[in-house]
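So you can see what is in the structure, the chains are spelled out below.
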Amino acid sequence: QVQLVESGGGLVQAGGSLRLSCAASGGSFSSRTMGWFRQAPGKEREFVARRNWRDSMTYYVDSVKGRFTISIDNAKNTVYLQMNNLKPEDTAVYYCAATAAYGSGYFLWGQGTQVTVSS
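Residues numbered from 1 in each chain as written. Predicted model: local features only at pLDDT ≥ 70, side-chain atom pairs only at ≥ 80, totals over all residues. Heavy atoms only, no water.

Enquirer: Even after reading the chapter, I still don't get the overall build of the chain, so can you show me in this structure?
Expert: Assigned secondary structure in the chain consists of zero helices and 11 strands. Secondary structure elements in the chain, listed N-terminal to C-terminal, are β-β-β-β-β-β-β-β-β-β-β. Counting only residues that meet the buried cut, the chain has 42% of its 119 residues in that class. For the chain, contacts bridging at least 24 residues in sequence account for 55% of all contacts bridging at least 6. For the chain, the accessible area works out to roughly 6,200 Å², and carbon and sulfur atoms hold 46% of it. Here the chain holds 12 positive side-chain charges and 8 negative ones, and the gap between their average locations is 4 Å. (Helix = DSSP H or I, 4+ residues; strand = E, 2+ residues; numbered from the N terminus. Buried < 20%, exposed > 50% of the residue type's maximum accessible area, 1.4 Å probe, protein only. Contact = heavy atoms within 4.5 Å. Areas by Shrake-Rupley, 256 points an atom, 1.4 Å probe, with all protein chains shown as cover. Lys, Arg positive; Asp, Glu negative; His and termini not counted. Charge placed at Lys NZ, Arg CZ, Asp CG, Glu CD.)

In structure tokens:
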């Protein structure tokens, strides 16, 4: 079964750091785009970051530029989201997602992991 499983969420104080992991399994992801999204209470789901598995092209939403980094460990088939200088407004459920090979629409989603930033 092709699936994504997130981990690494938790409680952290403002200004702290956290690294989320997304383990990909069940197929080849080398031609896919991997993304991180988040949904805070009372807000719509929003895009956070994306990275192409194949060519390492990345893009970040303005609110996290300079603070978050998306990376991929090919040997472990794992996508990471390193989050530094966390703010209370970063509190949300974070989801990893994947497109189809050479696709642009996300169809495969993880179950989500909760990130809570205290002030």
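Picking up after the structure, the text goes on.
Enquirer: Help me out: how do you make sense of the packing of aromatic side chains in this one?
Expert: One pair of aromatic rings is described through two measures. These are the centre distance and the angle between the planes. Within this structure, the stated rule accounts for six aromatic pairs. Relative to Tyr 106, the ring of Phe 37 lies with its centre 5.0 Å away and its plane at 85°, an arrangement referred to as edge-to-face. Within this pair, whereas Phe 37 is found in strand S4 (residues 33–39), its partner Tyr 106 is found in strand S10 (residues 106–109), the two being separated by 69 residues in sequence. Phe 37 sits in the buried class, given a relative accessible area of 8%. With a centroid separation of 6.0 Å and an interplanar angle of 25°, the aromatic rings of Phe 47 and Tyr 59 are classed as stacked. Of this pair, Phe 47 sits in strand S5 (residues 46–52) while Tyr 59 is found in strand S6 (residues 58–60), placing the two residues 12 residues apart along the sequence. One aromatic cluster is present, formed by Phe 37, Phe 47, Tyr 59, Tyr 106 and Trp 109 through successive ring pairs. One Lys or Arg, Arg 32, reaches over the ring of Phe 29 and ends 4.7 Å from the middle of that ring. Over the aromatic face of Phe 37 sits the side chain of Arg 45, whose NZ or CZ is 5.4 Å from the ring centroid. (Phe/Tyr/Trp six-rings, centres within 6.5 Å; stacked < 30°, edge-to-face > 60°. Lys NZ or Arg CZ within 6 Å of the ring centre and 35° of its normal.)

Enquirer: Is there a simple way to think about the pairing of strand S1 (residues 3–7) in this case?
Expert: On a regular strand, each side chain points to the face opposite its neighbour's, so the side chains alternate between the two faces of the sheet. What you see with S1 is a clean split: Leu 4 and Glu 6 sit on the buried side and Gln 3, Val 5 and Ser 7 on the side with no burial. Sheet topology places S1 next to strand S3 (residues 18–25); five bridges connect them, and they run antiparallel. The partner of Leu 4 across the bridge, within S3, is Ala 24. (Pairing = 2+ DSSP bridges.)

Enquirer: What is the right way to look at the side chain of Thr 78 in this model?
Expert: As for its position among the elements, Thr 78 is in strand S8 (residues 78–83). Assessed through its relative accessible area of 9%, Thr 78 is described here as buried. Separated by 2.9 Å, the side chain of Thr 78 and the backbone oxygen of Lys 76 make a polar contact. Look past the residues within four positions of Thr 78 in its chain and what remains in contact with it is Ser 21, Cys 22, Ala 23, Trp 53, Ser 71, Ile 72 and Asp 73. (Polar contact = N/O pair within 3.5 Å; in protein donor to acceptor, adjacent residues only side chain to side chain.)

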